[in-house]
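Read off the chains here:
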Amino acid sequence: MTECPICSSQKTRHFQIVSEYTFHQCDDCAFVFLDPMPTETVLESVYNNDGVITPEFYPKASSRFRRALGTAFRLYWYAHGGNLLDVGCGGGFQVAAFRLFGINADGLDIGADSIAYAIKNNKKSDFYCESFDEFLSKNKKYRFIFSSEVIEHVVDINKYMSFLNTCLENRGYAFITTPDISSQRVPENILEWDVFSPPRHVQFFCQDNIVKLFERYGFSFVKRFSDRKAGLRVLFRKT
């Protein structure tokens, strides 16, 4: 029997097979996850060998920045007054948007080409192409952590949560976005959902189980923001 990584329940069952990857679902908290998980080396090769992103080019850069400005505007009340880390920053668009609002922002990503693009186009921010362990050695603390479309990729959810907890100041905020597998916008045939794509996406949340996960690591749920697609956009505060 496969144990649920969120609630430790033994009540898990087969959910779906995609290629050689097997998803399971917890009957108690509805978390959907791969077992076995791909290695971190496999994921790093996926993100560093697609050839689409280069230090000079990032797909849909203009539209990404426009969306980032809207997000920075909506989160300004929570993010201002301290420094910010974008975990999974990609090409640095959200970091640049927060900078325009006067927020000191850094970026972290494992994609070497993404970070190269971010550094070339954002001279006032610091960007790091490092693992969680490498970054933690810097002992940096932040008042706000932004992490969009990342949590569904990480193979060790507990390591990710510990990283957030360690990097965030007491009473600091964490803003998370991820696909919502419980959304009514998810196709009835889950295989038709474009984000249901291992090994890029290795786990899927709903509001109840992501809140349960964050509460287990000392966070309180603040609010959920609306999303036009099948997505979760949730804000937590470290207690």
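Reading the values: the criteria
Residues numbered from 1 in each chain as written. Predicted model: local features only at pLDDT ≥ 70, side-chain atom pairs only at ≥ 80, totals over all residues. Heavy atoms only, no water. Phe/Tyr/Trp six-rings, centres within 6.5 Å; stacked < 30°, edge-to-face > 60°. Buried < 20%, exposed > 50% of the residue type's maximum accessible area, 1.4 Å probe, protein only. Lys NZ or Arg CZ within 6 Å of the ring centre and 35° of its normal. Core = buried A, V, L, I, M, F, W, Y, C linked by side-chain atoms within 4.5 Å. Helix = DSSP H or I, 4+ residues; strand = E, 2+ residues; numbered from the N terminus. Contact = heavy atoms within 4.5 Å.

**Considering the packing of aromatic side chains**
Each aromatic ring pair is described using two quantities: the centre-to-centre distance and the angle formed by the ring planes. Tallied over the entire structure, the rule returns 26 aromatic pairs. Between Tyr128 and Phe135, the aromatic rings sit 5.2 Å apart at their centres with planes inclined by 75°, giving edge-to-face as the arrangement. With a relative accessible area of 13%, Tyr128 lands in the buried category. Classification of Phe135 by relative accessible area gives buried; the value is 0%. Centroid distance Phe135 to Tyr142: 6.4 Å. Interplanar angle 20°. Geometry classified as stacked. Across this residue pair, the class does not change: Phe135 and Tyr142 are buried. Directly above the ring of Phe225 sits Lys223, whose terminal nitrogen or CZ lies 4.5 Å from the centroid.

**What to know about the nonpolar core**
Core analysis: the largest hydrophobic core is formed by 36 residues, its most contacted members being Tyr160 and Ile210. Counting residues per element, this core draws most heavily on helix α6 (residues 157-167), at six residues. Discounting residues that sit within four places of it in the chain, Ile210 has contacts with Ile151, Ile176, Thr178, Phe205, Leu232, Val234 and Phe236. Among the nonpolar cores identified, the runner-up in size contains 26 residues, and Ala61, Ala79, Ala97 and Tyr173 belong to it.

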